[in-house]
Amino acid sequence: KNEVEQSPQNLTAQEGEFITINCSYSVGISALHWLQQHPGGGIVSLFMLSSGKKKHGRLIATINIQEKHSSLHITASHPRDSAVYICAGNSGGYQKVTFGIGTKLQVIP
Amino acid sequence: EPEVTQTPSHQVTQMGQEVILRCVPISNHLYFYWYRQILGQKVEFLVSFYNNEISEKSEIFDDQFSVERPDGSNFTLKIRSTKLEDSAMYFCASSRQGVDGYTFGSGTRLTVV
């Protein structure tokens, strides 16, 4: 059974701090998504990666295939980064997705 | 920027009724998905759809559920004989290729009473 585990489940940071959210996944998952879910419920896809590292603005996502581990980093965090960040893994020919429980991030001014 | 559009944003239905949730994926996308999120729980995969047929489905997606792309632009999820436990946020998503990132709709909150 494919599984995705995230840590921490809750994270509070001061504005400007560097933030790391971790994700571990099981054998059978071939690619990872990082998603952002806003308080209103909407979901935005941040990254999809199967190797290496991707960067977009202040967000960086890395994946280590051997260790089956991915991290999402936020540099110079801002209160508008407050959201739930979800790691999700693709399996079954990239069609089936298993979601983590999410990390609720609150950035305090 | 292209969007995935879902309607309605909120639907209340009586237990036992049928509901149809509608989605308009991005026009040049080829893969379509439905997910659900029960309040306070993780997002769950329901079904993926490609080339006018279901390509993957989860254990949740039983005979109560069906999907259809009736006219080349809409992508619908039908839930028959709704139960209280079907109350959830239902998200539609699409991607151009299966290996691309997904674009999610803003969701339909279904409340079964």
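This is a predicted model, so every value here is computed, not measured.

**As for the overall build of chain B**
Here's step 1: Along its length, chain B carries zero helices and eleven strands.
Here's step 2: Each helix and strand of chain B, placed in order from N terminus to C terminus, yields the pattern β-β-β-β-β-β-β-β-β-β-β.
Here's step 3: Taken over C-alpha atoms, the radius of gyration comes to 13 Å for chain B, in line with the 13 Å a tight globule of 113 residues would show.
Here's step 4: For chain B, the residues scored as buried account for 44% of the 113 residues in total.
Here's step 5: Summed over its atoms, the accessible surface of chain B is roughly 5700 Å², and 44% of this surface lies on carbon and sulfur atoms.
Here's step 6: When the 10 basic and 14 acidic side-chain charges of chain B are each reduced to a single mean position, those positions are 2 Å apart.

**Thoughts on the interface of chain B and chain A**
Here's step 1: Facing 22 residues of chain B, the contacting portion of chain A comprises 19 residues.
Here's step 2: Contact between chain B and chain A buries roughly 1700 Å² in total, counting both sides, with carbon and sulfur atoms accounting for 61%.
Here's step 3: Considering only the surface of chain B that becomes buried against chain A, Lys42(B), Tyr102(B) and Phe104(B) emerge as the three largest contributors, covering 31% of it.
Here's step 4: At the boundary of chain B with chain A, the tally comes to one salt bridge.

**Some words on the pairing of strand β8 (residues 75–79) of chain B**
Residue and element names in this part refer to chain B.
Here's step 1: Most of β8 is tucked away, with four of its five residues classed as buried.
Here's step 2: With five bridges joining them, strand β3 (residues 19–24) and β8 adopt antiparallel strand pairing. The residue bridging Arg22 from the neighbouring strand is Thr76, located in β8.
Here's step 3: Judged from the four bridges that link them, strand β7 (residues 65–68) and β8 form a sheet pairing that is antiparallel. Paired with Val67 across the bridge in β8 is Leu77.
Here's step 4: Between β7 and β8, which pair antiparallel in sequence order, lie six residues; one of them, Gly72, sits at a positive phi of approximately 85 degrees.

**A look at the sheet that holds strand β1 (residues 5–7) of chain B**
Residue and element names in this part refer to chain B.
Here's step 1: The strand order across the open sheet built from four strands is β1-β3-β8-β7, with neighbouring strands paired in antiparallel fashion. Among the strands making up the open sheet, the edge pair consists of β1 and β7. Taking the axes of each pair of neighbouring strands and ignoring which way they run, one obtains an average angle of 20 degrees across the sheet.

**A closer look at the state of the cysteines**
Here's step 1: Tallying each qualifying case throughout the model produces two disulfides over all chains.
Here's step 2: The disulfide bridge from Cys23(A) ends at Cys87(A), spanning 1.9 Å between sulfur atoms. Measuring handedness by torsion sign, the sulfur bridge of Cys23(A) and Cys87(A) sits at about -60 degrees and is left-handed. Here Cys23(A), found in strand β3 (residues 19–25), pairs with Cys87(A), found in strand β9 (residues 83–91); they are 64 residues apart in sequence, far enough to count as distant. For the pair shown, Cys23(A) and Cys87(A) are each scored as buried.
Here's step 3: Cys23(B) shares a disulfide with Cys92(B); S-S distance 2.0 Å. On the S-S bond that ties Cys23(B) to Cys92(B), the torsion sits near -65 degrees, and the link is left-handed. A residue pair is termed long-range when its members are at least 10 positions apart, and Cys23(B) in strand β3 and Cys92(B) in strand β9 (residues 88–95) qualify at 69 residues.
Here's step 4: Here Cys92(B) falls in the buried class, since its relative accessible area comes to 0%.

**Topic: the packing of aromatic side chains**
Residues and elements named next belong to chain B.
Here's step 1: Per the counting criterion, the structure on display carries eleven aromatic pairs over all chains.
Here's step 2: Judged by centre distance (5.5 Å) and plane angle (40 degrees), the ring pair of Phe32 and Phe75 falls under tilted. Here Phe75 lies in strand β8 and Phe32 lies in strand β4 (residues 31–37), a separation of 43 residues in the sequence.
Here's step 3: On the accessibility criterion, Phe75 (0% relative accessible area) is buried.
Here's step 4: Ring centres of Phe49 and Phe75 lie 5.2 Å apart, and the angle between their planes is 45 degrees; on these two criteria the pair is classed as tilted. Of this pair, Phe49 sits in strand β5 (residues 44–50) while Phe75 is found in strand β8, placing the two residues 26 residues apart along the sequence.
Here's step 5: Classification of Phe49 by relative accessible area gives buried; the value is 5%.

Reading the values: rules and limits
- Residues numbered from 1 in each chain as written.
- Chains lettered and ligands numbered in written order.
- Predicted model: local features only at pLDDT ≥ 70, side-chain atom pairs only at ≥ 80, totals over all residues.
- Heavy atoms only, no water.
- Helix = DSSP H or I, 4+ residues; strand = E, 2+ residues; numbered from the N terminus.
- Rg over C-alpha atoms; globule rule 2.2 N^0.38 Å.
- Buried < 20%, exposed > 50% of the residue type's maximum accessible area, 1.4 Å probe, protein only.
- Areas by Shrake-Rupley, 256 points an atom, 1.4 Å probe, with all protein chains shown as cover.
- Lys, Arg positive; Asp, Glu negative; His and termini not counted.
- Charge placed at Lys NZ, Arg CZ, Asp CG, Glu CD.
- Contact = heavy atoms within 4.5 Å.
- Buried area = accessible area lost by both parts, 1.4 Å probe.
- Salt bridge = Lys/Arg side-chain N within 4 Å of Asp/Glu carboxyl O.
- Pairing = 2+ DSSP bridges.
- Axes fitted to C-alpha atoms, helices over the stretch in contact; angles between N-to-C directions.
- Disulfide = S-S within 2.5 Å.
- Phe/Tyr/Trp six-rings, centres within 6.5 Å; stacked < 30°, edge-to-face > 60°.

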